[in-house]
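# Examination of the molecular architecture
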Amino acid sequence: MTARIATVVFSIVFLSRSLTAQSFTAAQAYPYNSSIAIADFNGDHIPDYATGNGPRIQVYLGNGDGTFRLGPATTIQVRAISGIAAGDFNGDGIADLAFTALNASLGLEVALGKGDGSFGTPTTVLVNGDQLASAPLLADLNHDGHLDIAVVDGATALTYLGDGAGGFTGPVVAKLGVTHNQLSIIRLADATGDKKPDLLIPVSTGIDIFPGVGNGAFSTVPIQIPSAQPPTDSATGDFDHNGFPDVVVKYPGAVAVSLGFGHGTFGSPQVYSGAFAASPVGVVDTNFDGNLDIVTGDVAVLRGFGDGTFDVPSSYPACGSDLAFGQLHKAGVFDILVGGCNQTTVLINKGAGHFLYAYQSPVFTAGAQPSAFDTFTRGDFNADGHPDLAFATQGTIQVVFGTGTRPSPLVGGPVTVTGFSKISSMTAADVNHDGRLDLIYAAQDASIHVLLGNGDGTFTASVWSAVPPKAAFQMLTGDFNGDGFLDLITDSGYLYLGIGDGTFGAPVHVFTPASNAGSDLVVADFNNDGKLDIAWASNPSVKLGNGDGTFGPAIQVKSGSFCVATIAVGDFNHDGIADLAFGAPGSYQCPAPHLGVVLGKGDGTFQAPIHFNEPFWNVGFTVTPIVFDFNGDGIDDLAVEVPSSQVISFFPSNGDGTFQTGLDYVTPFDPIAAVVRMQAGTGPKDIVLAYPSGNGVQFSILFNNAP
């Protein structure tokens, strides 16, 4: 399958008939390679999921709130793992795995779980299954209380009977005489109502049902449910509460429901059309009304009315070749996992009556070349009350307008050509006091420029430029001399006092960073005197502002580390005094990347540092703290961006300067993160991720659902 980035979009749903609605929150995407199996793999009573990753089984451990953290990987001596299924094959209460694997040929293998998320050496059940057409299908096919495994090899069904100790005998062979559709999914379920699992195989004219005999074999005389097009998948459930299984058939552009009357008889298909892709289909009660609903892998939900009919489909585009349901955050509430296009998207069922989401934008090009993304900033550039984004690629700046609405919170805006090949940093502020946001950027030749905003997302030509004594990679604004005009300070240690018309005075040296490349910088009032102060990361220090554009002597911050590289400011113990968070890389000076917090005393000095880290933070890369209140309790929390680890970790504050265990969101890319309130109103702030994609830039928004 060709890899692409999935677009996951959910919007507010208005139902056409009286129903109890449900809400799904799409958590951050996780890596996906081949197939998904949900089970509790480490014995903590929280569902986890496993996926094939080349010759490895990768487990992601559930946190109990619908998020996952990276778990163990078990390497299997095969070339690749394809279909995967979870069950307890030896009766020890620990989830095991059955999987199809490619080596010299396709085969079926079983790996017993160790109870910690890893697995033992697999046992080969089937060798040389060159035409294996299904993932392992699990059920008790001979009614002895032990899980059995069925697979379809070409036109033959093979059943391996479990002995309850992890071993299997067989196969029991059934010559079916049909070949399934390519890229379709074979299911094992009771479709005839006799309590014996049957095989449901998509063929060119519909779904062929091969009834189970009860000893592991299947009848070779199929019952067919016709479809208008070659189907891709099917599922069963009692949609009309008559006690007999019904069947839903999925094919491109529609799902068709055939109501069962028992003994393998069905009514005519009722077709529900929609913009459905060739994706899987599943059945679950999403809105707790006691009626089964239909969910497709491209995330369309058809809500059942309980009489065998369904509401019009609500479609929310996603990329799904696998579909699974699990009680990931609350017992009795089924959430959705969709796997495809190199990522697994988790939809958390909140039951609030509408859909909230994680959003991924289209690619914005701005004339960019592949991987040419420079930087981005945020602000309301068209004065409509909705935050916008501005990004730079190869010296070209494009504004992307925020709409404040779902499902399309971002739309492309104007492009400004600067004439430079690269922009190293950019910030937005109203530097001419006209109520419109302007842009300040630093170019690759170290020059700094100001573009005055026109209030519609466009900018005038540069009205001021300067070449600082030392190149700047970060620029911040603030009124350091109390004249009501914004001033500009750079990470290289120079202050430019604003004139109020978009221009600035001559540079004044105010601090010396320990690094020639500058130092991460923050601006805050650390001693509560109403005057802006500064703090920087390299050899971390604070200078207290005098309120006239000058500063007192440097006060060193005892960070407990000599390699602090990033810094952020917040109030982590809710005392009204500014605190600092800093990130450090792993190097010969620092044994591992770590995060530190120092609580402010209110006089520009700080308490002893608190350090913490995560085991997967890669040595050699710097963690970057991001401060905002992401759980809505009024206290600043920490999020941490970790380059190369493809992880954003969230640490909820305890309100006393300490933090809870990190919640890790694995990303399928390595983004630049920022905090922006992208939703309309005064609600919580969201996380915006920016990253190069193809010949442009994409944004992913993690919408915050805190109150």
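Figured I'd write up the structure that's included with this text. (Residues numbered from 1 in each chain as written. Predicted model: local features only at pLDDT ≥ 70, side-chain atom pairs only at ≥ 80, totals over all residues. Heavy atoms only, no water.)

### So, the overall build of the protein
Cut-off, in case you're wondering: Numbering of helices and strands runs from the N terminus; a helix is a DSSP stretch of H or I covering at least four residues, while a strand is a stretch of E covering at least two. A simple rule labels every residue: compare its accessible area, found with a 1.4 Å probe on the protein chains alone, to the largest value its type can have, and call it buried under 20%, exposed over 50%, or partly exposed in between. Only heavy atoms matter for contacts: two residues are in contact if any of them lie within 4.5 Å across the pair. For accessible areas, the Shrake-Rupley method is used with a probe of radius 1.4 Å. Any residue's cover is judged against the shown protein chains and nothing else.
Regarding its fold elements, the protein presents zero helices and 59 strands. In the protein, buried positions account for 58% of the 707 residues. Long-range contacts, defined as pairs at least 24 residues apart, comprise 46% of the intrachain contacts of the protein with a sequence gap of at least 6. Looking at the protein as shown, the accessible area adds up to about 25,900 Å², and 53% of this sits on carbon and sulfur atoms.

### With respect to the pattern of salt bridges
Here is the rule: Salt bridges are defined by distance alone: a side-chain nitrogen of Lys or Arg within 4 Å of a carboxyl oxygen of Asp or Glu.
The final tally for this structure, using the stated rule, is two salt bridges. R187 is the partner of D233 in a salt bridge, and the nearest nitrogen-oxygen pair spans 2.7 Å. Note that D233 is positioned in strand β19 (residues 233-237) and R187 in strand β15 (residues 187-189), a separation of 46 residues in sequence. The exposure class of D233 is buried, given its relative accessible area of 0%. The residue D374 makes a salt bridge to K422 at a minimum N-O spacing of 3.4 Å. Of the two residues, D374 sits in strand β33 (residues 373-379) while K422 sits in the loop between β36 (410-417) and β37 (423-429), which places them 48 residues apart along the sequence.

### Topic: the pairing of strand β4 (residues 48-53)
Quick reminder of the rule: We treat two strands as partners when DSSP finds at least two bridges between them.
For β4, a buried count of five out of six residues is recorded, marking the element as mostly surrounded by other parts of the structure. Pairing of strand β3 (residues 34-39) with β4 involves five bridges; the strand directions are antiparallel. The residue of β4 that forms the bridge with I36 is T51. Sheet analysis places β4 next to strand β5 (residues 56-62), joined by five bridges and oriented antiparallel. Among the inter-strand pairings, G52 is bridged to a residue of β5, identified as I57. Here β4 hands over to β5 after two residues, with G54 in that stretch at a positive phi of 65°.

### Some words on the nonpolar core
Note the cut-off: By convention a nonpolar core is built from buried Ala, Val, Leu, Ile, Met, Phe, Trp, Tyr and Cys residues, the set being connected through side-chain atoms within 4.5 Å.
In this structure, F41, A50, I57, I84, L97, F99 and F119 are the most contacted members of the largest nonpolar core, which totals 17 residues. Listing elements by their share of this core, those giving two or more residues are β3, β5, β7 (80-87) and β8 (96-102). Non-local contacts of I57, meaning those with residues more than four positions away in its chain, are made with A50, T51, P72, A73, T74, I76, I81, I84, L97, F99 and F119. Counting residues in hydrophobic clusters, the runner-up holds 16 residues, among them L137, A139, L188 and I201.

### A word on the packing of aromatic side chains
The condition is simple: Note on ring pairs: Phe, Tyr and Trp rings are taken, using the six-membered ring of Trp, and paired if centres are within 6.5 Å. Classes follow the plane angle, with under 30 degrees stacked, over 60 edge-to-face and the rest tilted.
On inspection of all chains with the given rule, the structure shows 14 aromatic pairs. Ring geometry for F41 against F119: centres 5.6 Å apart, planes inclined by 75°, an arrangement best described as edge-to-face. Remark: F119 occurs in the loop between β9 (106-111) and β10 (123-126) and F41 occurs in the loop between β3 and β4; sequence separation between them is 78 residues. With relative accessibility at 2%, the residue F41 sits in the buried group. Between the aromatic rings of F381 and F459, the centroid separation amounts to 6.0 Å while the plane-to-plane angle is 75°, which identifies the pairing as edge-to-face. With F381 in the loop between β33 and β34 (388-393) and F459 in the loop between β39 (448-451) and β40 (464-466), this pair connects stretches of sequence that are 78 residues apart. Of the two residues examined, F381 and F459, each falls in the buried class. An aromatic cluster is defined as three or more aromatic residues linked by ring pairs; in this entry it consists of Y49, Y60 and F68.

### Description of the sheet that holds strand β45 (residues 521-524)
One open sheet accounts for four strands, arranged β45-β46-β47-β48; its pairing is antiparallel. For this open sheet the edge positions go to β45 and β48 (555-556), each flanked by a neighbour on one side alone. One ladder, built from four bridges, connects β45 with strand β46 (residues 533-536); its direction is antiparallel. If you follow V523 over to β46, its bridge partner there is I534.

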